[in-house]
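These are the residues of each chain, in order.
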Amino acid sequence: MRAITLERYGDKAGVRAGEVPDPDVGANDVLVRIRAASINPLDRMIRDGEMKTILPYKVPFVLGNDLAGVVVEVGTAVTRFAVGDEVFSRPDKNRIGTFAELIAVHQDDVAMKPATLTMEEAASLPLVALTSWQVLVERAHIQPGQKVLVHAGSGGLGTIAIQLAKQLGAHVATTTSTANVDLVKRLGADVVVDYKKQAFETLLHDYDVVLDSLGGETLLKSLDVLKPGGKVISVAGPPDADFARELGANPVVRLVMSALSFPIRRRARRRDVEYSFLFMKASGDQLRELTPLIDAGKIRPVVDSVFPFESAPEALEYVEAGRAKAGKVVVRMP
């Protein structure tokens, strides 16, 4: 089959299109012919070797973390799916490889594609929708009336997190650029901070939860907008010891992650707030929870552009260069 593989870390030239063997199909796997896959910042981080401590993939391997497609074969123990089903998925972190014609995915990580979406729209959702759910529902337990700040509201994660937070009954603030103020308002943001003109940390106060996807100074400043007992949950900040334990990391790696996150955790404690790091997990069940909201139009995907399969390396560079105006960039399979 054709696929986009990473031949060596840390080099754009290490990404190439070529032929690789078809995947093996385990007893609990569904084999999916991929119709569309989307680009995530995680793909660039994997390519550059930034995730090797967490995700020690051995090169060469197929890139890609989101998919929509059609089931073409099922394993002997599969009970949820049949050949011909249209599905979408974020495969488990140990079984990535969606920039390809075919992929074998465990049935627990797959869900039926929302009926109202195209393949390209469906492919844009799994990773960011699961991240939003795991931050806002699982980790933060958002309740109606609570105040949530979503950073980078026009990004792939932000566009979905704003909409889910509103469905949970939250009052939602977001940061974005001038060009996307109207977009995030249409998605449901109650308060919009134009980061090119305003400093969010001087305008926002007494928030219950911050979803941070930027890290760095933005993460540090986010502590100041929280009320006592509030939480900042980051997908871009330093991993913490809890995440290392979830990962099953060895004691040395757990110690390193604890040390990396110590300054932000100490700063959070001094402000009587909480910091935690989240790396999303694959879950077909959670995608099924989200599907009624998607089919009802209450959560709408935002797709910036669609590239042909052969141009996947260029699509990665397009995202890396910040050329996407809003939402996700998708790769369409032949």
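Above: the structure in question.
Parameters at a glance
- Residues numbered from 1 in each chain as written.
- Predicted model: local features only at pLDDT ≥ 70, side-chain atom pairs only at ≥ 80, totals over all residues.
- Heavy atoms only, no water.
- Helix = DSSP H or I, 4+ residues; strand = E, 2+ residues; numbered from the N terminus.
- Rg over C-alpha atoms; globule rule 2.2 N^0.38 Å.
- Buried < 20%, exposed > 50% of the residue type's maximum accessible area, 1.4 Å probe, protein only.
- Contact = heavy atoms within 4.5 Å.
- Salt bridge = Lys/Arg side-chain N within 4 Å of Asp/Glu carboxyl O.
- Axes fitted to C-alpha atoms, helices over the stretch in contact; angles between N-to-C directions.
- Parallel < 35°, antiparallel > 145°, perpendicular 65-115°, else oblique.
- Left-handed = near helix turned anticlockwise from the far one by under 90°.
- Nonpolar A, V, L, I, M, F, W, Y, C, P; charged D, E, K, R; others polar.
- Pairing = 2+ DSSP bridges.
- Phe/Tyr/Trp six-rings, centres within 6.5 Å; stacked < 30°, edge-to-face > 60°.
- Expected span 1.5 Å × (residues − 1).
- Core = buried A, V, L, I, M, F, W, Y, C linked by side-chain atoms within 4.5 Å.

A.B. asks: Talk me through the overall build of the protein; I want residue IDs and the actual numbers.
C.D. replies: What the protein contains, in helices and strands, is 11 helices and 16 strands. Relative to the globule expectation of 20 Å for 334 residues, the C-alpha radius of gyration of the protein, 19 Å, shows essentially globular dimensions. Taking the principal axes of its C-alpha atoms as reference, the protein extends roughly 55 × 45 × 40 Å. In the protein, which comprises 334 residues, the share counted as buried stands at 54%. In the protein, of all internal contacts separated by at least 6 residues, the share reaching a separation of at least 24 is 69%.

A.B. asks: Residue-level account of the pattern of salt bridges, with values.
C.D. replies: This structure, assessed with the given rule, holds 22 salt bridges. With a shortest N-O distance of 3.5 Å, K227 and D208 are connected by a salt bridge. Taken together, the residues span a long stretch of sequence, with K227 in strand β13 (residues 226-234) and D208 in strand β12 (residues 207-212) at a distance of 19 residues. Relative accessible area serves as the criterion here: at 32%, K227 is assigned to the partly exposed category. Judged by relative accessible area, which is 13%, D208 ranks as buried. In this structure, K281 and E246 form a salt bridge, with 3.3 Å as the shortest nitrogen-oxygen distance. Of this pair, K281 sits in the loop between β14 (274-277) and α10 (284-295) while E246 sits in helix α8 (residues 241-247), placing them 35 residues apart in sequence. We classify E246 as partly exposed; its relative accessible area is 47%. Here the residues in one salt-bridge network are K12, R44, R47, D48, E50 and E320, joined through shared partners.

A.B. asks: Which residues make up the packing of helix α3 (residues 126-139) against helix α4 (residues 156-167), and what are the values?
C.D. replies: Packing of α3 against α4 brings their axes to within 9 Å, and their N-to-C directions diverge by 50 degrees. Between α3 and α4, the crossing angle belongs to the class labelled oblique. Of the two possible hands of crossing, α3 and α4 adopt the one that is right-handed. In this structure, α3 uses V128, A129, T131, S132, W133 and L136 to contact α4, whose residues at the interface are G156, L157, I160, A161, L164 and A165. For the contact of α3 with α4, the residue count by class is 9 nonpolar, 3 polar and no charged.

A.B. asks: Tell me what's going on with the sheet that holds strand β2 (residues 15-19), and back it up with residues and numbers.
C.D. replies: Sheet strands pair by backbone hydrogen bonding; their relative direction is either parallel or antiparallel. On the basis of which strands lie adjacent, the open sheet formed by 3 strands has the order β2-β1-β4 and antiparallel pairing. The open sheet terminates on both sides in strands that have one partner only, identified here as β2 and β4 (61-62). Sheet analysis places strand β1 (residues 2-6) next to β4, joined by 2 bridges and oriented antiparallel. Along β4, the bridge assignment pairs L6 with F61.

A.B. asks: Mind laying out the packing of aromatic side chains, listing which residues take part and the relevant values?
C.D. replies: Taken as a whole, this structure holds 5 aromatic pairs when the rule is applied. Centroid distance Y57 to F61: 5.1 Å. Interplanar angle 50 degrees. Geometry classified as tilted. F61 gets classed as buried once you look at its relative accessible area, which sits at 11%. An aromatic cluster of at least three residues, connected via ring pairs, comprises Y9, Y57 and F61.

A.B. asks: Tell me about α10, and name the residues and values.
C.D. replies: For α10, with 12 residues, the first-to-last C-alpha span of 16 Å sits near the 16 Å given by 1.5 Å per residue. For α10, the full list of buried residues reads G284, Q286, L287, L290, T291, L293 and I294. One or two positions beyond α10, positive phi appears at G297, with a value near 80 degrees.

A.B. asks: With reference to specific residues and values, describe the nonpolar core.
C.D. replies: Counting residues in each nonpolar core, the largest one holds 106 residues, and the members touching the most others are I46, L55, L63, L136, L149 and L204. Excluding residues within four positions of it along the chain, L149 makes contact with A173, T174, T175, F200, L204, Y207, V209, V210, L211 and V225. Core analysis: the second largest hydrophobic core is formed by 8 residues, M1, A3, V62 and A100 among them.

A.B. asks: Please give an account of the sheet that holds β13 that cites residues and values.
C.D. replies: Across the sheet, which stays open at both edges, the 6 strands sit in the order β11-β10-β9-β12-β13-β14 with parallel pairing between neighbours. One side of each edge strand has no neighbouring strand; the edge strands of this open sheet are β11 (191-194) and β14. Strand-to-strand twist in this sheet, taken as the mean axis angle between neighbours without regard to direction, amounts to 15 degrees. Direction of pairing for strand β9 (residues 147-150) relative to strand β10 (residues 171-176): parallel, over a ladder of 4 bridges. Bridge pairing in β10 links K147 to H171. The strands touched by α3 are β9, β12, β13 and β14; relative to β13, the strand with the most contacts, the crossing angle is about 150 degrees.

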